[in-house]
Number of protein chains: 2
Amino acid sequence: MKRSSVKDLLQSDKFLQEVHVKGWVRTFRSNRFIALNDGSTINNIQCVVDFENTDETLLKRINTGAAVSIQGTLVESQGKGQTVEVQVKNLEILGDSNPDEYPIQPKKHSLEFLRENAHLRVRTNTFSAVMRLRSALSFAVHQYFQQNGFYYVNTPIITGSDAEGAGEMFKVTQFEANKAPVNEEGEIDYSKDFFGKETNLTVSGQLEGETYAMALGKIYTFGPTFRAENSNTTRHLAEFWMIEPEVAFNDLDANMDLSEDFIKYVLQYVLDNCKDDLAFLDNRLAQEEKTKPQAQRSEMGLIEKLRFVVDNNFKRVSYTEAIDILRNSKPNKKKKFQFPVNEWGVDLQSEHERYLVEKHFKCPVILFDYPANIKAFYMRLNEDGKTVRAMDVLFPGIGEMVGGSEREERLDVLKEKMAELNIPEEELWWYLDTRKFGTAVHSGFGLGFERLVLFATGMSNIRDVIPFPRTPQNAEF
Amino acid sequence: MKRSSVKDLLQSDKFLQEVHVKGWVRTFRSNRFIALNDGSTINNIQCVVDFENTDETLLKRINTGAAVSIQGTLVESQGKGQTVEVQVKNLEILGDSNPDEYPIQPKKHSLEFLRENAHLRVRTNTFSAVMRLRSALSFAVHQYFQQNGFYYVNTPIITGSDAEGAGEMFKVTQFEANKAPVNEEGEIDYSKDFFGKETNLTVSGQLEGETYAMALGKIYTFGPTFRAENSNTTRHLAEFWMIEPEVAFNDLDANMDLSEDFIKYVLQYVLDNCKDDLAFLDNRLAQEEKTKPQAQRSEMGLIEKLRFVVDNNFKRVSYTEAIDILRNSKPNKKKKFQFPVNEWGVDLQSEHERYLVEKHFKCPVILFDYPANIKAFYMRLNEDGKTVRAMDVLFPGIGEMVGGSEREERLDVLKEKMAELNIPEEELWWYLDTRKFGTAVHSGFGLGFERLVLFATGMSNIRDVIPFPRTPQNAEF
């Protein structure tokens, strides 16, 4: 008999049909009711065992975590909370699960404990919901871009250029530790390493992506990126997935439009396609919130928050306006900010971004036109000579969701800026070629995928929205 | 006026409308006809310049590679090869392209030359077609799995385990070369490295993927993987993208079904969605074939070959049958094989696979049930005690497209095998947990994405189907 998924059975109304289902026992109560899950949905199907006619030793093996194969009849359920159930005719234990040893028991485990069991945590409701949602969001990302004429580009992970400047890089080598060959001057002889040069893990595919946008028009990347930074926070990972669209002929306004349209699309996608998982996560977050003091509780539930973002315009504010708002804000005047905002030109700290988004505007905010000297070399200089066409999309509870810019398309201005920052032209000869041959206005942005998943799931630690998190001192599994 | 893409304009039948288009000049002939391309399609739109009323200096700047903005009227074309064209009213040069310096001239460049200009080669017909097709294939991969209830899982790129055994690994470190700290015994003190242990770039996400399949049921990965192997061939890359589905409760037969169904789906997808690019690549391959001696020419054209794969069953043959066929084959008897096939148990070489696929069966072949001792530790041992439930899908012109297996789900057998191969259990405690708690039959496979792109595009060197190839002594860009 063909095996059915739990999801299909729960949606079926063909009662009295013979069915075959395989999955893992979530709970077994009253020696009779198995809550069976196979990962296809957050919901379990109830399988009712005829315990009076079932061997005692078999019943004892129906433990949480055991893999079972069940054949039986699909019937309308008499119990609460489900419409169908399976009357078990035949039950086979595929794989036992010793209750004295199995770490994932049917009780509340701490997220910290589950992180140490990252290979098993996806067997819980919370993590299976998070990971299904992550999968749906990934697909929404591809679907959005493909439907809008973008081409997916796989920029290199191992890179020979370290001029991107987005952060500290991991080294990639084939040399044995402390046994790298040296040349006559006593310097490391990288010509003997695998790639014949020093190589690192990429911090961004943007520069390579630009070369593709200047040929294919609209492109996006979606791949892993890396930061060798000792940031032990709830918002940073050493390895994370980044989405980087880049569009020829787009100016900064079009870039802002794209980022807003994109985020709304993918959130709408999960609202439409992940109803059960979202309902669970919405409820989970509501329970979490109840444990907090009233003042710290979120005003909106998870689903409400997603709808709010989809339905409302992001507020667009220039850096200069933002500085004015911050300078005149209560926390600034009352010296509540750790970094007081006194003058134009300072870099915005997390506390400032949070104030703008969570207290002042209470919605996603796009800040644009930042001072040139706090932003990257490739950003388009404005006519004022002191600001660049940069933008950051800030989200409540998350902070920076997107960082992007119109790129400096003028060869002479770009070269000048690189010289100023001591970025050697030989390193980026190929990048400069895009300005040398058929240059044009173009823009793009980067979005850290895990921050999007964090927002969409209502989880609070970024380590809980990626299967096997990599952070300082942690690369288990 | 809103800008239109070249693709949209070419499909339009609203004549006499005012249009605005931006792109790059592919050719400019008779001081009058611009072939304009913006990457949205392989086809150019003809833009007709009123040269008698256009400034001479402007005309001189309309060079191959220049970025231009054109406003004009869309009209039915009088010329051959296109149905519409743009009568130019206003032309602006956005970015010049000096014909004495621009490397990509409208003539045939060698693939080797273009590889050295990987940042510009996507501006050619061939590479833009390849890369659009690659993008479409990527999307087809996601669509296939998502429509069939699989969840996308991002397994880690940086891994602390080196027990996967799929090949040589690159080291990832934050230590300065030759300045790694050592402990009192004089050994490298990895506890001081970023992750507190030795780390490498992943060669496969399979083991981590299995832990997710044993919770979510059906999963797939699609991400970069790495091999630090000095293979300078047309089929190997040091960095490539791999697709790895893994399904709980699937046996090897179901695994073979999945691989065949999957490959047919994604090839059908490009047949349906990439007609223009495929037509170009089909023609390109036909031209290439003409330069070969008759005997070496392919019997089928590119599109024909894709249709053939989609329409016919893959031939399923056991290793034992394959050995019989090879042993009795003409090249073996005439000692034409470099590695003669004399006895059961030998590993199959590329020449043997090619003989089976290209000469004997003339279709994709799935070989299964290989000798245990030439396959990986995690493969399910058959009842005969000497073969394992492994499978390879072999493609004409490509060789191994897929490698997969039913996994050894029995804890005791798996442990025994690991002991035999000196794989320490402490390294893979989490992998063993999947067999300890709720184990079940499960299967999966790995497919090297670039080999699929190679097959679908008819290109012959794997370096030409990935944007920025990484190979020994090469990590430029």
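About the cut-offs
- Residues numbered from 1 in each chain as written.
- Chains lettered and ligands numbered in written order.
- Predicted model: local features only at pLDDT ≥ 70, side-chain atom pairs only at ≥ 80, totals over all residues.
- Heavy atoms only, no water.
- UniProt positions renumbered as here; feature names shortened; annotations may be inferred.
- Helix = DSSP H or I, 4+ residues; strand = E, 2+ residues; numbered from the N terminus.
- Buried < 20%, exposed > 50% of the residue type's maximum accessible area, 1.4 Å probe, protein only.
- Contact = heavy atoms within 4.5 Å.
- Areas by Shrake-Rupley, 256 points an atom, 1.4 Å probe, with all protein chains shown as cover.
- Lys, Arg positive; Asp, Glu negative; His and termini not counted.
- Charge placed at Lys NZ, Arg CZ, Asp CG, Glu CD.
- Buried area = accessible area lost by both parts, 1.4 Å probe.
- Salt bridge = Lys/Arg side-chain N within 4 Å of Asp/Glu carboxyl O.
- Polar contact = N/O pair within 3.5 Å; in protein donor to acceptor, adjacent residues only side chain to side chain.
- Nonpolar A, V, L, I, M, F, W, Y, C, P; charged D, E, K, R; others polar.
- Pairing = 2+ DSSP bridges.
- Axes fitted to C-alpha atoms, helices over the stretch in contact; angles between N-to-C directions.
- Parallel < 35°, antiparallel > 145°, perpendicular 65-115°, else oblique.
- Left-handed = near helix turned anticlockwise from the far one by under 90°.
- Least-squares fit on C-alpha atoms with pLDDT ≥ 70 in both.
- Phe/Tyr/Trp six-rings, centres within 6.5 Å; stacked < 30°, edge-to-face > 60°.
- Expected span 1.5 Å × (residues − 1).
- Arc of directions from axis to C-beta.
- Core = buried A, V, L, I, M, F, W, Y, C linked by side-chain atoms within 4.5 Å.

- In the annotation of an unreviewed UniProt entry, the entry for chain A reads Asparagine--tRNA ligase, and the organism field reads Tenacibaculum larymnensis.
- Within the UniProt record for chain A, the comment given under Subcellular location (unreviewed entry) is "Cytoplasm".

**Digging into the overall build of chain A**
Part 1 of the reasoning: Counting its secondary structure elements, chain A contains 14 helices and 16 strands.
Part 2 of the reasoning: Along the first, second and third principal axes, the C-alpha atoms of chain A reach 85 × 60 × 45 Å.
Part 3 of the reasoning: Within the span of chain A, comprising 477 residues, buried residues form 59% of the whole.
Part 4 of the reasoning: Long-range contacts, defined here as pairs at least 24 residues apart, represent 68% of the contacts in chain A between residues at least 6 apart.
Part 5 of the reasoning: As displayed, chain A offers around 19800 Å² of accessible surface, 45% of which is attributable to carbon and sulfur atoms.
Part 6 of the reasoning: Charge-centre separation for chain A: the mean point of 58 positive side chains lies 7 Å from the mean point of 71 negative side chains.

**Let's talk about the interface of chain B and chain A**
When the parts of a complex come together, some accessible area is lost, and that lost area is often taken as the interface size.
Part 1 of the reasoning: Every contact between the two is made by 111 residues of chain B and, on the other side, 111 residues of chain A.
Part 2 of the reasoning: When the buried area of chain B at its contact with chain A is split by residue, Phe194, Phe249 and Phe437 of chain B rank highest and sum to 9% of it.
Part 3 of the reasoning: Between chain B and chain A we count six salt bridges in total.
Part 4 of the reasoning: Residues Glu476 of chain A and Lys197 of chain B are paired through a salt bridge, measuring 3.8 Å at the closest nitrogen-oxygen approach.
Part 5 of the reasoning: Connecting chain B to chain A are 40 residue pairs in polar contact (both at pLDDT 80 or more).
Part 6 of the reasoning: A per-element tally of the side of chain B that touches chain A places helix α4 (residues 125-147) of chain B first, with eleven residues.
Part 7 of the reasoning: Grouping the constituent residues of the side of chain B that touches chain A by class yields 52 nonpolar, 37 polar and 22 charged.
Part 8 of the reasoning: Of the pairings in the sheet, the one linking strand β8 (residues 171-173) of chain A to strand β8 (residues 171-173) of chain B comprises three bridges and is antiparallel in character.

**Comments concerning the packing of helix α4 (residues 125-147) of chain A against helix α14 (residues 449-457) of chain A**
Residues and elements named next belong to chain A.
Part 1 of the reasoning: Contact geometry for α4 and α14: axes closest at 10 Å, N-to-C directions at 125°. Between α4 and α14, the angle is such that the two are oblique. In the crossing of α4 with α14, the sense of the turn from one axis to the other is right-handed. Side by side, α4 and α14 meet where Val130, Leu133, Arg134, Leu137, Ser138 and Val141 of the first sit next to Phe449, Glu450, Leu452, Val453, Ala456 and Thr457 of the second.
Part 2 of the reasoning: Of the residues contributing to the contact of α4 with α14, the split by class is eight nonpolar, two polar and two charged.

**So, the relation of the copies chain B and chain A**
One chain copy maps onto the other through a rotation about an axis and a shift parallel to that axis.
Part 1 of the reasoning: Taken as rigid bodies, chain B and chain A are interconverted by a rotation of 180° and an axial shift of 0.0 Å, the fit giving an RMSD of 0.0 Å. Expressed as a symmetry operation, the mapping of one chain copy onto the other fits a two-fold axis. When C-alpha distances to the rotation axis are compared across chain B, the minimum falls at Asn178 of chain B, with a value of 1.9 Å.
Part 2 of the reasoning: A share of 100% of interface residues in chain B that are also interface residues in chain A marks the association as one of identical surfaces.

**Brief notes about unusual backbone geometry**
Part 1 of the reasoning: Notably, Lys335 of chain A is not glycine yet its phi reads approximately 55°, a positive angle.
Part 2 of the reasoning: On the basis of relative accessibility, which here comes to 72%, the residue Lys335 of chain A falls in the exposed class.
Part 3 of the reasoning: With a phi close to 70°, Leu16 of chain B is a non-glycine residue in the positive phi region.
Part 4 of the reasoning: The exposed category is assigned to Leu16 of chain B, whose relative accessible area is 65%.

**Details of the packing of aromatic side chains**
Part 1 of the reasoning: One pass over the structure, following the stated rule, counts 61 aromatic pairs over all chains.
Part 2 of the reasoning: Pairing Trp241 of chain A with Tyr152 of chain B gives two aromatic rings, centres 6.5 Å apart and planes at 85°, and the pair type is edge-to-face. In this pair, Trp241 of chain A is assigned in strand β11 (residues 239-248) and Tyr152 of chain B in strand β6 (residues 151-152), connecting two distinct chains. For the pair Trp241 of chain A and Tyr152 of chain B, a shared accessibility class is recorded, and that class is buried.
Part 3 of the reasoning: Each ring, one from Phe222 of chain B and one from Trp241 of chain B, has its centre 6.0 Å from the other, and the planes form 85°; the classification is edge-to-face. With a gap of 19 residues between them, Phe222 of chain B in strand β10 (residues 218-226) and Trp241 of chain B in strand β11 (residues 239-248) connect regions that are remote in the sequence.
Part 4 of the reasoning: A relative accessible area of 2% means that Phe222 of chain B is categorised as buried.

**A few points about helix α7 (residues 275-290) of chain B**
Residues and elements named next belong to chain B.
Part 1 of the reasoning: With 16 residues, α7 extends 23 Å between its outermost C-alpha atoms, agreeing within 8% with the 22 Å of an ideal straight helix rising 1.5 Å per residue.
Part 2 of the reasoning: Within the sequence span of α7, burial applies to Asp277, Leu278, Leu281, Arg284, Leu285 and Glu289. End-on view of α7: buried residues confined to an arc of 135°, all on one side of the axis. Projecting away from the buried face of α7 at angles above 90 degrees are the exposed residues Lys275 and Lys290.
Part 3 of the reasoning: Contacts from the buried residues of α7 go to α3 (111-116), α4, α6 (252-273), α8 (302-311) and α14 (449-457).

**Some thoughts on the nonpolar core**
Part 1 of the reasoning: If you look at the biggest cluster of nonpolar residues, it comprises 214 residues, and the most contacted ones within it are Phe262 and Ile263 of chain A together with Phe262 and Ile263 of chain B.
Part 2 of the reasoning: Of all the elements, α4 of chain B adds the most residues to this core, at twelve residues.
Part 3 of the reasoning: If we skip the residues at most four places from it in the chain, Ile263 of chain A touches Val309, Phe314, Val393, Phe395, Met401, Val402 and Leu447 of chain A.

**A short note on the environment of Pro106 of chain A**
Residues and elements named next belong to chain A.
Part 1 of the reasoning: Relative to the elements of secondary structure, Pro106 occurs in the loop between β5 (84-95) and α3 (111-116).
Part 2 of the reasoning: Measuring from C-alpha to C-alpha, the distance between Pro106 and Pro364 comes to 38 Å, with 258 residues separating the pair along the chain.
Part 3 of the reasoning: Excluding residues within four positions of it along the chain, Pro106 makes contact with Arg26, Thr27 and Thr64.

**Structural notes on the side chain of Glu210 of chain B**
Part 1 of the reasoning: For Glu210 of chain B, the position within the fold is in helix α5 (residues 206-216).
Part 2 of the reasoning: Apart from the residues lying within four places of it in its own chain, the contact partners of Glu210 of chain B are Glu246, Arg407, Tyr431, Arg435 and His442 of chain B.

**Some points on helix α6 (residues 252-273) of chain A**
Part 1 of the reasoning: Between its terminal C-alpha atoms α6 of chain A stretches 31 Å, which fits the 32 Å expected from 22 residues at 1.5 Å a residue.
Part 2 of the reasoning: If you check the start of α6 of chain A, you find a side-chain oxygen 3.2 Å away from the backbone N of Asp253 of chain A, and it comes from Asp251 of chain A.

**Concerning the sheet that holds strand β5 (residues 84-95) of chain B**
Residue and element names in this part refer to chain B.
Part 1 of the reasoning: Spatial strand order, β1-β2-β3-β5-β4: five strands in a closed barrel with mixed pairing. The average angle at which neighbouring strand axes cross in this sheet is 55°, direction not considered.
Part 2 of the reasoning: Sheet analysis places strand β3 (residues 45-48) next to β5, joined by three bridges and oriented parallel. Its bridge partner lying in β5, Gln46 is registered against Glu85.

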